[in-house]
Amino acid sequence: MLVIYLLAILVWALIWGFATRAVIYNKGYSDNWFWWGFFFGFIAFIVALSKGDNHYNETSEKPSIIRDTAFDKQILADGGWKCSCGRINYHYVSTCACGKSKTDVVAPVKTSSLSQEKQTVSDIEAVKKYKELLDAGIITQEEFDIKKKQLLKL
Ligand SMILES: [Zn+2]
């Protein structure tokens with residue numbers, strides 16, 4: 001009778017051991033909780049159930065709440081960049097984990113229309129200078145034409 005009783009306890013303990021271990025593995029932990037379940041049974045099982053999910057979803061296209069922290073802000077402050085997928089990358093990372101490259105995501109800083117206008121004006125001035133050089137016979141018509149095309153982007 002005692003043997004049956006002990007066997008029942010053993011089976012009971014094994015069930016809780018395997019159940020607790022399964023819960024822990026399913027939550028993404030690599031620890032083996034079998035013996036916790038084996039010795040503490042129901043209590044260990046409840047503790048295992050109450051533990052947070054340890055999975056980090058690599059394929060998730062949306063950033064998790066956990067990742068939107070002051071730490072990410074610090075990365076951005078240090079010259080990091082935010083990908084369109086939501087990941088925060090260090091400044092030295094050229095390609096995001098999702099496959100997009102930094103240059104595809106982060107648009108180059110656009111020069112203002114004012115500075116573009118200034119650039120055009122200085123280009124015209126330069127062409128005038130080259131025209132003077134041409135008239136003075138210092139450069140040839142061909143050289144002048146090349147420079148004019150370059151500067152005025154014709
Ligand atoms: Zn990305």
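In every chain, residue numbers begin from 1 and rise along the written sequence. Predicted model: local features are reported for residues with pLDDT of at least 70 only, side-chain atom pairs are reported and counted for 80 or more only, and whole-chain, interface and lining totals are derived from all residues. Computation of side-chain values: all heavy atoms of the structure, hydrogens and water removed.

What follows is about the confidence of the model for the protein. Note: pLDDT gives the predictor's confidence per residue, expressed from 0 to 100. Taken over all residues, the pLDDT of the protein has a mean of 82, while the share at 70 or more is 82%. Looking at the elements of the protein, mean pLDDT is at its lowest for helix 6 (residues 113–135), recorded as 81, and at its highest for helix 2 (residues 34–40), recorded as 91. Every helix listed is a DSSP run of H or I at least four residues long, and every strand listed is a run of E at least two residues long, numbered separately from the N terminus.

Two rings from Phe, Tyr or Trp (for Trp, the six-membered ring) form a pair when their centres sit within 6.5 Å of each other. Planes less than 30 degrees apart are called stacked, planes more than 60 degrees apart edge-to-face, and all others tilted. Per the counting criterion, the structure on display carries twelve aromatic pairs. When the centroid spacing of 5.7 Å and the interplanar angle of 75 degrees are considered together, the rings of tryptophan 16 and phenylalanine 42 count as edge-to-face. Highlighted residues: tryptophan 16 in helix 1 (residues 2–26) and phenylalanine 42 in helix 3 (residues 42–50), separated in sequence by 26 residues. Directly above the aromatic system of tyrosine 29 lies the positively charged group of lysine 51, at a separation of 5.0 Å from the ring centroid. Ring-over charges, as used throughout, are those where CZ of Arg or NZ of Lys falls within 6 Å of the ring centre and within 35 degrees of the ring normal.

Turning to a nonpolar patch on the surface, a few remarks are in order. A patch is a set of surface residues, each over 30% in relative accessible area and not in a salt bridge, joined within 9 Å for like charges and within 5 Å for the nonpolar side chains Val, Leu, Ile, Met, Phe, Trp and Tyr. Note that accessible areas follow from Shrake-Rupley with a 1.4 Å probe, and for residues the cover is restricted to the protein chains shown. One side-chain nitrogen of Lys or Arg within 4 Å of one carboxyl oxygen of Asp or Glu is enough to make a salt bridge. Taken together, the side chains of Trp35, Trp36, Phe39, Phe40, Phe42, Ile43, Ile46, Val47 and Leu49 make up a nonpolar region of the molecular surface, amounting to roughly 1,000 Å² of accessible area. For the nonpolar patch, the secondary structure elements donating two or more residues are helix 2 and helix 3. By the secondary structure assignment, tryptophan 36 is in helix 2.

This part covers the coordination of the zinc ion. The coordination sphere of the zinc ion, as far as protein atoms go, consists of Cys83 (SG), Cys85 (SG), Cys96 (SG) and Cys98 (SG), spread over 2.2 to 2.3 Å. The donor definition counts N, O and S atoms within 2.8 Å of each metal and applies 3.2 Å to Na, K and Ca; water is not among these atoms, so some sites may look incomplete. Between the donor residues of the zinc ion, the gaps in sequence give the motif C-x1-C-x10-C-x1-C. Note that cysteine 83 is positioned in the loop between strand 1 (81–82) and strand 2 (88–89) and cysteine 98 in the loop between strand 2 and helix 5 (102–105), a separation of 15 residues in sequence. Each residue's exposure class comes from its accessible area (1.4 Å probe, protein chains only) as a fraction of the maximum for that residue type: buried when under 20%, exposed when over 50%, partly exposed otherwise. Using a relative accessible area of 3% as the deciding quantity, one classes cysteine 83 as buried.

Another point: helix 1. One less than the residue count of a helix, multiplied by 1.5 Å, gives the span that helix is expected to have. With 25 residues, helix 1 extends 36 Å between its outermost C-alpha atoms, agreeing within 8% with the 36 Å of an ideal straight helix rising 1.5 Å per residue. All buried positions along helix 1 are accounted for by Ala13, Trp16, Gly17, Thr20, Val23 and Ile24. Contacts are residue-level and defined by heavy atoms, with any inter-residue pair within 4.5 Å sufficient. Those residues of helix 1 hidden inside the fold are in contact with helix 2 and helix 3. Trailing helix 1 by a residue or two, glycine 28 shows a phi angle of about 95 degrees, which is positive.

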